[in-house]
Amino acid sequence: MRQLLILVPVVLLASGCGSTVSPLRSGADARLAAANVGFGAVVGAVGAMVNGDRDSATERLTRGALRGAVGGAGLYAGKWLAHRIYVDSTYAWAYPAALVHETGASMIENAAHDRPPLDRLSYHLAFVRLDVRPDTRAVTARVMPFNVVATGRMLAQDRLDVRRSLALGTLVFTGPGVSQTPLDILPESGAWAFLNTVYLSEVEPGAEDYEISAHELMHVFQHREWLRANALYAGLGRAFQSGPESSYDELASVVYLDNPMGLAAAYFLGPAGCRDDQWLEHELALFLSRNGGC
């Protein structure tokens, strides 16, 4: 039963592929909010059922869903702020957007672990995850191995743009034109996101394309929120543990397994030819088609 519950978030987003590809219509904001709030509610509810051990299953389910839904509202608010990068033609919205989004995502993760909403907050800087405990002000840094590999691959392939990286709050790489994504997972393009990294073409040196920057930054946000869904698999590490428990704890204190499979499934699952129009892309198209409206 638990294994089936774990698949629910993936199936929900994958099933949206093909059913959400219509042009922007009235009510787009309601759909965007519902999708993000729904994602948080599902992850929070399923996680609380899987990881929680106090109160009845119904109480855990309800508590996780409500707390996760609040976190999902934070996801929506963070992306709404990110879209202002395009509307206002300024990178000044990048850090507020990331702070709001990461806080909302952290609340979802806490809900999935059946913890209080602000029990701990996590933020991602390149390939490092920072876990903050507001009550004790303790900060723990852990390395994310998949993001380490992604960053190394990007460093070998393209040029790190320090200015844009600082402006957007995530690692930005640039090149003279279209570039191939690592692992050749997508066709060559002038802009794409790969986990916590972004590639932007320099076909027009010095030109600032705020729309593309906002779009790719929100792809990074999507990666970060799907990392919180890893809470659904929290028990698997223990289940497959082969060495002493202390060794597992020591490794977990410095390494966070940033499993990207949930995001990959949400992006690539679905009918043939659906990938370019499925929800993760369509969501960003809706945000960036709002023409600055509230």
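(A) Structural detail: the confidence of the model for the chain. Overall, the prediction assigns the chain a mean pLDDT of 80, with 74% of residues at 70 or greater. For residues 1-26, every residue scores under 50 in pLDDT, and the model assigns this stretch 37 contacts once sequence neighbours within four places are set aside.

(B) Seen up close, helix H4 (residues 57-88). The end-to-end C-alpha distance of H4 is 46 Å, a good match for the 46 Å that 32 residues give at a rise of 1.5 Å each. Note on H4: the residue one or two positions beyond its end, serine 89, has a positive phi of about 50°.

(C) Geometry of the sheet that holds strand S7 (residues 197-201). Read from one edge to the other, the open sheet built from four strands follows the order S4-S5-S7-S6, with strand pairing classed as mixed. Only two strands of the sheet have a single partner each, and these edge strands are strand S4 (159-160) and strand S6 (191-194). With five bridges joining them, strand S5 (residues 171-175) and S7 adopt parallel strand pairing. Following the sheet pairing, valine 172 is matched in S7 by valine 198.

(D) Structural view of the packing of helix H3 (residues 28-51) against H4. With their axes 6 Å apart at the nearest point, H3 and H4 run at an angle of 145° to one another. Crossing geometry of H3 relative to H4 is assigned as right-handed. In this structure, H3 uses Asp29, Leu32, Ala33, Asn36, Val37, Phe39, Gly40, Ala41, Gly44, Ala45, Ala48 and Met49 to contact H4, whose residues at the interface are Ala57, Arg60, Leu61, Gly64, Ala65, Gly68, Ala69, Gly72, Ala73, Leu75, Tyr76 and Lys79. Of the residues contributing to the contact of H3 with H4, the split by class is 15 nonpolar, six polar and three charged.

Parameters and conventions
Residues numbered from 1 in each chain as written. Predicted model: local features only at pLDDT ≥ 70, side-chain atom pairs only at ≥ 80, totals over all residues. Heavy atoms only, no water. pLDDT = per-residue confidence, 0-100. Contact = heavy atoms within 4.5 Å. Helix = DSSP H or I, 4+ residues; strand = E, 2+ residues; numbered from the N terminus. Expected span 1.5 Å × (residues − 1). Pairing = 2+ DSSP bridges. Axes fitted to C-alpha atoms, helices over the stretch in contact; angles between N-to-C directions. Left-handed = near helix turned anticlockwise from the far one by under 90°. Nonpolar A, V, L, I, M, F, W, Y, C, P; charged D, E, K, R; others polar.

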